Amino acid sequence: GFEPGRELFSNLSFSVGPRDRICVVGKNGKGKTTLLRTLAGQLHSSSGEIKCNATAAVGFYAQTNAAALADEETVLEEIHRSDPAIDQQMARNIAGMMMFEGDDALKRVKVLSGGEKNRLMLAKIIATPVNLLLLDEPTNHLDMESCDALLEAIDDFDGAVVMVTHNEMLLHGLAQRLIVFQGGGASVFEGSYGRFLEDRGWDEEKLQEIAPAEAACGKKTDKKALRQMRAEFNRERAKALKPFEKRMADLEARIVSAETELERLYEEVASASRDGDGGAVSELSIRIHKRKREAETCFERLESVSAEYEEQKSAFDLRMKELDTRSGGGE
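Residues numbered from 1 in each chain as written. Predicted model: local features only at pLDDT ≥ 70, side-chain atom pairs only at ≥ 80, totals over all residues. Heavy atoms only, no water.

1. Concerning the confidence of the model for the protein chain
Then, number 1: Of the residues in the protein chain, 85% reach a pLDDT of 70 or more, and the chain-wide mean stands at 80.
Then, number 2: Segment residues 204–221 is flagged for pLDDT under 50; beyond a separation of four residues in sequence, or across chains, it makes 25 contacts in the model. (pLDDT = per-residue confidence, 0-100. Contact = heavy atoms within 4.5 Å.)

2. What about the sheet that holds strand β6 (residues 185–189)?
Then, number 1: Strand order in the open sheet made by the six strands is β2-β3-β4-β1-β5-β6, with mixed pairing throughout. Strands with a single pairing partner mark the edges of an open sheet, and in this sheet they are β2 (58–61) and β6. The mean inter-strand angle of the sheet, taken between neighbouring strand axes irrespective of direction, is 15°.
Then, number 2: Strands in contact with helix α4 (residues 114–127) are β2 and β3 (132–136); relative to β2, the strand with the most contacts, it is inclined by about 175°. (Pairing = 2+ DSSP bridges. Helix = DSSP H or I, 4+ residues; strand = E, 2+ residues; numbered from the N terminus. Axes fitted to C-alpha atoms, helices over the stretch in contact; angles between N-to-C directions.)

3. Structural notes on the packing of aromatic side chains
Then, number 1: What the rule picks out here adds up to three aromatic pairs.
Then, number 2: On the basis of an interplanar angle of 90° and a centroid distance of 5.6 Å, the ring pair of F9 and F181 is categorised as edge-to-face. One end of the pair, F9, is in the segment before β1 (21–26); the other, F181, is in strand β5 (residues 177–182), and 172 residues separate them in sequence.
Then, number 3: Its relative accessible area of 21% is what places F9 among the partly exposed residues.
Then, number 4: Judged by centre distance (5.5 Å) and plane angle (80°), the ring pair of F189 and F196 falls under edge-to-face.
Then, number 5: Among the aromatic residues, those joined into a ring-pair cluster are F189, Y193 and F196.
Then, number 6: Here the basic side chain of R119 rests over the ring of F100, its NZ or CZ set 4.9 Å away from the ring centre. (Phe/Tyr/Trp six-rings, centres within 6.5 Å; stacked < 30°, edge-to-face > 60°. Buried < 20%, exposed > 50% of the residue type's maximum accessible area, 1.4 Å probe, protein only. Lys NZ or Arg CZ within 6 Å of the ring centre and 35° of its normal.)

4. Section: the pairing of β6
Then, number 1: The pairing of β5 with β6 spans five bridges and is antiparallel. Opposite V180, over in β6, you have S187 as the bridge partner.
Then, number 2: A loop of two residues connects β5 with β6, the two strands running antiparallel in sequence, and G183 in this loop sits at a positive phi of about 65°.

5. A word on unusual backbone geometry
Then, number 1: In this structure, R19 is a non-glycine residue whose phi angle is positive, near 65°.
Then, number 2: Within the secondary structure, R19 is located in the segment before β1.
Then, number 3: For R19, a relative accessible area of 36% gives the class partly exposed.
Then, number 4: For M99, which is not a glycine, the phi torsion comes out positive at approximately 70°.
Then, number 5: By the secondary structure assignment, M99 is in the loop between α3 (88–97) and α4.
Then, number 6: Judged by its relative accessible area of 23%, M99 falls in the partly exposed class.

6. What to know about the packing of helix α2 (residues 75–82) against α3
Then, number 1: It is at 10 Å that the axes of α2 and α3 come closest, and there the two elements cross at 110°. In terms of axis orientation, α2 runs roughly perpendicular to α3. Classified by chirality, the crossing of α3 by α2 is right-handed. Contact residues: α2 offers V75, L76, I79 and H80, while α3 offers Q88, A91, R92, I94 and A95.
Then, number 2: Considering only residue class, the contact of α2 with α3 consists of six nonpolar, two polar and one charged. (Parallel < 35°, antiparallel > 145°, perpendicular 65-115°, else oblique. Left-handed = near helix turned anticlockwise from the far one by under 90°. Nonpolar A, V, L, I, M, F, W, Y, C, P; charged D, E, K, R; others polar.)

See below:
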């Protein structure tokens, strides 16, 4: 906390192991950013201690870090500043990972939008030789495609990640464990975000806020309160499921695009083969392999996202039944 006797959280203990993916969740103003800044060494805890392995190298992403970017530097130059040891191709790869492809990697910082600066900051952190990433709301100002790129980058990162986020896609796609700020404190949940919503969730707190008198007295909820609860439930359901639906639609579109291009490439290979153009056949074969690999990756991700979607949908269906039971069978 920042004032004696007014702690944001206490009695919180957890470990971070290699390749852990820990997400910090809860309402704003509860202490999530304070926790990350404490882990990063920017704040000191009033009690307790943080023990780091001697090999731990920490990278901290905060929204305010974008102010440290040099206006006249290009995207590639900024990435090189993070680790001068990386070569040009690696810098290009990292830039492309954060959607700065081709000439976009030569843009100067001063012409970048707020979202592009955030992506550049993430690229710089990825380029820095660290094995523990502390990310504070990394998806702010990022569009869906950028969030998808960030998800892939974090998934490929060969280290541990502790991340504050409200982004449902990242929570469902990455979180293995949670640090939950709820009820005036913080606690560790050993499981995925989907499991948290199913086993514990936020609904009890919200339902009590909507109709505390009925809950306390054990009476059936009246029609007005029931409509309010259902409206709140439907908003939460839509907010949780929409990112999955968008991501599934995006993956399906990418699969269709890859398959359409593969058909064209196969025709071009057949034509080049008939003409005896070995160079063209070789080049086209490489492109075919790349597109097939992309399609296969999209299929695998689609299967994973679809499974998560169905798990979440089933959990919401179960909660709706519980809500109907609590309200005495509905209207």
